[in-house]
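Given next are the chains, with one letter for each unit.
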Amino acid sequence: MARPAWTCSPSAMTEWESPDYEPALPVSEKSNPLTRDMDRASAKCIVRMLQACDAQMFQGGTGTTYQRLLSEPVLEALTEVAKKVEHILKRPRDSLVVLSGCGTSGRLAFLVASTFNRALKELDHSLVYSYIIAGGDRALLSSQEAPEDDAQLGALSLQKVCEGQKSVLFIGISCGLSAPFVAGQLDFCLQHPEVFTPVLVGFNPTHQARDERIRGCSFTFRSVVRRMEELAKRRGAFLLNPAVGPEAVSGSSRMKGGSSTKILLEVVLSAAHAAAFADTPITPTGVRQHIRAHEEALEITYAQAEGIGALLEAAGQSLRRGGRLCYLGWGPLGTLGLMDASECVPTFGAGCEDVRGFISGGYTALNNNEGPLGPDFGIGHEDFLRQVLPSLSDRDIVLLLYTHADRVGQVAELARAVREKTSNVHAVYHQVNGHAAAAVQQDDINRLCLSSLKFTWPSPTAQWELSTKLLLNAVSTGAHVLKGKIFQNHMVDVQVTNSKLYRRATRLLQKLSGCPESRCEEALLKAVYRVDELTADITSSDISEHTQAARSATKAVPLALICLLSDCSLLEAATRLQREPVVREAVEVCLS
């Protein structure tokens, strides 16, 4: 069936800002009007949709409803936080900057802390950055979503990292202002203002912060935010929460939420480093220039929309044929490949082998706190050569991710090994304009690869990290869209493994089926526990027990949706999904 064309309507770019648009949902959970029919779009159209959605990060507001990334209050807050970091850089003794989050937010906390510690090491300066991720370092490489609901664990982990410190700038990241793990850490900071200055990074206005009481605590995320707002009046706390628009796939904060997080953190830390080590004053104007540099990175990336679309199409074909998508990366781009791969399982209900990332140097290059994580978490190129290469075929697709500052000869060597098993190998690389040192080796790689996507920059820059993140998000998201893992623009095959995802799944079922909330929750629980009648034990259990059970329940949300639309048993719903695994088409059969 031919996929319809798509055009970007100016009104669709700003429709989400209307107070009448999905008013019951926070911005981070709304559906994006730009991507309503994403599941019917061609690869080329999907890339254009993603480009339009990403451009919303840098848009000015159309009214007074939301603060945006470039709004004056946001620029001023970024300036003040950067000055706090500068102060710690100049007086690092017994001081620390801690970045923390769950899932993608925690992975970006790790990436940014690692990048800026590496810069300090090159300057022979004390390392001041530390990271925390809910679930520990295993969460860098796989979904560990249950700890996100544990506020006490969050507080304890922060207390452990900061033991003995006298001055801590804590930056807690929760895109939806909702993660109990981060709320617990912020609460701990507020209880100890003599040591901690808390900063909250997220992308909802404060009145949309989650107001559900946190298990084992007397507070909600919203009540913590209210306390921070009071303290912020005296510059004892800071809130960095511009609205950047709904995600292309509703609620998938790994995308715009992750990109905006990376931008905010890099803007703050880059400005602080420039002030501490190059005497460059920190001003709102300078902060704005930092943000605009990231906007240019977006434009440079999507100037290659045609090439990105071709990669997306090839990856989608591989996944549809039961093949794998493998990222072989070098340096930070390798880390981004690991991150993108880790996010596909919880987001799309993908198999753990469907999308995998590998980094040159393995755990030595990753340099995570806990070091090697065991045989189930092989991430080095050697692991790829041993575990994946022997069974590689033309059903699979391999992406090489590198810059010309990396060992390009090593890239060519690995490309030759892959090319002996499959022709479906592609290169994505960054180079500085006029830099020709690796030209001969790049010619070899070009001959070995089915396609080579080149990004040229005026000077060496961290922006190629954001560029690579945007590209990988586009390829993996689009590939799963083409595989049929999205319904309209919703994550319908999501695993409901924490309270946020449980509530999201219930709301989604209600929206798509038109049934009351209570009936939707009942259908979800039946699909999770695989029963046609709920027992008293199930109905009396709390959400934490349901999310525990959901870890082993595949396709719970699609099954519940089919049951609601067809009023059928779970067995009948499972049979329908087996006959028609593309969720939208299975639903349309129910409605016909």
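As shown above, the structure is provided for reference.
A few points on the structure. Given the structure is predicted, the values throughout are model-derived calculations rather than measurements.

1. Quick look at the pattern of salt bridges
For step 1, the next point in the chain: Following the criterion strictly, the structure yields 33 salt bridges and no others.
For step 2, the next point in the chain: Among the salt bridges present, the one from Glu-29 reaches Arg-507, with a minimum N-O distance of 3.0 Å. Placement of the pair is Glu-29 in the loop between α1 (10-14) and α2 (43-55) and Arg-507 in helix α17 (residues 499-513), with a sequence separation of 478 residues.
For step 3, the next point in the chain: With relative accessibility at 13%, the residue Glu-29 sits in the buried group.
For step 4, the next point in the chain: With a shortest N-O distance of 3.5 Å, Arg-107 and Glu-343 are connected by a salt bridge. Within this pair, whereas Arg-107 is found in helix α4 (residues 104-122), its partner Glu-343 is found in helix α11 (residues 331-348), the two being separated by 236 residues in sequence. This pair shows no difference in class: Arg-107 is buried, exactly as Glu-343 is.

2. Some points on the nonpolar core
For step 1, the next point in the chain: Formed by 152 residues in total, the largest nonpolar core has its most connected members in Val-85, Tyr-129, Ile-291 and Val-557.
For step 2, the next point in the chain: Residues Leu-158, Leu-200, Met-228 and Leu-231 belong to the second largest nonpolar core, which totals 34 residues.

3. Description of the sheet that holds strand β7 (residues 355-359)
For step 1, the next point in the chain: Spatially, the five strands line up as an open sheet ordered β7-β6-β8-β9-β10, and their pairing is parallel. Strand pairing shows two members of the sheet lacking a second neighbour, β7 and β10 (451-457), which therefore form its edges. Here the average twist between neighbouring strands, direction ignored, is 15°.
For step 2, the next point in the chain: Relative to strand β9 (residues 425-432), strand β8 (residues 397-403) runs parallel, the two sharing six bridges. Across the sheet, the residue bridging to Val-398 is Val-425, located in β9.

4. Some remarks on the sheet that holds strand β3 (residues 167-173)
For step 1, the next point in the chain: Pairing is parallel in the open sheet, where five strands are placed in the order β2-β1-β3-β4-β5. Looking along the sheet, the strands with just one partner apiece sit at the ends: β2 (129-133) and β5 (238-240). Direction aside, the axes of adjacent strands within the sheet are offset by 20° on average.
For step 2, the next point in the chain: Here strand β1 (residues 95-101) runs beside β3; their pairing, made up of seven bridges, is parallel. Along β3, the bridge assignment pairs Gly-101 with Ile-173.
For step 3, the next point in the chain: α4 rests against β1, β2 and β3 of the sheet, and its axis sits at about 165° to β2.
For step 4, the next point in the chain: Set on the sheet, helix α5 (residues 151-161) makes contact with β1, β2, β3 and β4 (196-201); between it and β2 the angle comes to about 155°.

Conventions adopted
- Residues numbered from 1 in each chain as written.
- Predicted model: local features only at pLDDT ≥ 70, side-chain atom pairs only at ≥ 80, totals over all residues.
- Heavy atoms only, no water.
- Salt bridge = Lys/Arg side-chain N within 4 Å of Asp/Glu carboxyl O.
- Helix = DSSP H or I, 4+ residues; strand = E, 2+ residues; numbered from the N terminus.
- Buried < 20%, exposed > 50% of the residue type's maximum accessible area, 1.4 Å probe, protein only.
- Core = buried A, V, L, I, M, F, W, Y, C linked by side-chain atoms within 4.5 Å.
- Pairing = 2+ DSSP bridges.
- Axes fitted to C-alpha atoms, helices over the stretch in contact; angles between N-to-C directions.
- Contact = heavy atoms within 4.5 Å.

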